[in-house]
Amino acid sequence: MSPYLQGVIARAVIKVGEQQDQALLLKTTSNFITAGLMYLLSEAHTLAETTGLDADVLHVLVEQNFGTYAAGVSERLISGAYCPASGVAPRSGLELGIKDVGHGVALARATGVKLEIGKMYLGAAGEAKTWGDERGRRMDSSAVFGVVRERAGLGFERGIVGNGDGKTVESGEERREGGGM
């Protein structure tokens, strides 16, 4: 089966053993890392904005120092993909992020481990879901950025409007979306 997966629907096939539940655990762990990265980059971009550092400059640093995956998450934040316009579907629904991270936190709790970043993500994700639900909008799994912004007094939305075709417009400049989860 590996030739049909690797390079076609996945970058690589990672062998985790004979027990199938280990593959699910690996995927849950991957989604947990992505959620933590989303939260961390949300705080970094909020720090940049509140101190006058240009978001594009921070984005270049993220791309150069932390690679394309982190840059994809960063792009979702600065492009406005974290908060799709009304009627526009999110790239990755917030409900999935809440489910996946909640599953990881529950698994850890069952073994006596506390996952503080997971709890932080879940708290912010719950607030983001409420924000979107109150406005009849589905949020992206990276919508924790809006909550971090709100907590800093910046407002949930970054002033970027989704135009429905997968791109967003800010001051007449188009940006592409990126990231995963």
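Here we summarise the structure given alongside this text. As the structure is a computational prediction, the values presented were derived from the model and not from experiment. (Residues numbered from 1 in each chain as written. Predicted model: local features only at pLDDT ≥ 70, side-chain atom pairs only at ≥ 80, totals over all residues. Heavy atoms only, no water.)

**Some thoughts on the packing of aromatic side chains**
If you walk through the whole model with that rule in mind, you get 3 aromatic pairs. Relative to Phe-145, the ring of Tyr-82 has its centre 4.9 Å away and its plane inclined at 75°; by these criteria the two rings are edge-to-face. Residue Tyr-82 is located in the loop between α3 (55-79) and α4 (94-110), and its partner Phe-145 is located in helix α6 (residues 144-151); the two are separated by 63 residues in the primary sequence. Residue classification places Tyr-82 among the buried residues on the basis of a relative accessible area of 1%. Since its relative accessible area comes to 1%, Phe-145 is described here as buried. Counting every residue linked through ring pairs, the aromatic cluster contains Tyr-82, Trp-131, Phe-145 and Phe-156. The ring of Phe-145 carries Arg-149 above its face, with NZ or CZ at 5.7 Å from the centroid. (Phe/Tyr/Trp six-rings, centres within 6.5 Å; stacked < 30°, edge-to-face > 60°. Helix = DSSP H or I, 4+ residues; strand = E, 2+ residues; numbered from the N terminus. Buried < 20%, exposed > 50% of the residue type's maximum accessible area, 1.4 Å probe, protein only. Lys NZ or Arg CZ within 6 Å of the ring centre and 35° of its normal.)

**Quick look at empty space enclosed by the protein**
Within this structure, the stated rule accounts for 1 cavity of 30 Å³ or more. Space inside the largest cavity adds up to approximately 30 Å³. Along the walls of the largest cavity sit Leu-94, Glu-95, Lys-129, Asp-133, Arg-137, Arg-138 and Met-139, which together make up its complete lining. Sorting the residues of the lining of the largest cavity by element identifies α4 and α5 (116-134) as the ones contributing at least two each. Residues of the lining of the largest cavity, tallied by class, amount to 2 nonpolar, no polar and 5 charged. (1 Å grid on protein atoms, 1.4 Å probe; cavity = no way out; pocket = protein on both sides within 12 Å on 5 of 7 lines; lining within 4 Å. Points joined across faces, edges and corners; volume = space filled by probe spheres on them. Nonpolar A, V, L, I, M, F, W, Y, C, P; charged D, E, K, R; others polar.)

**Some details on α5**
Helix length check: α5 (19 residues) gives 27 Å between terminal C-alpha atoms against 27 Å at 1.5 Å per residue, within 8%. Considered for burial, the residues of α5 that qualify are Gly-118, Tyr-121, Ala-124, Ala-125, Ala-128, Trp-131 and Gly-132. Angularly, the buried residues of α5 cover 140° about the axis, an arc narrow enough to put them on a single face. Buried-residue contacts for α5 involve α2 (21-51), α4 and α6. A positive phi of about 70° marks Gly-136, the residue just after α5. (Expected span 1.5 Å × (residues − 1). Arc of directions from axis to C-beta. Contact = heavy atoms within 4.5 Å.)

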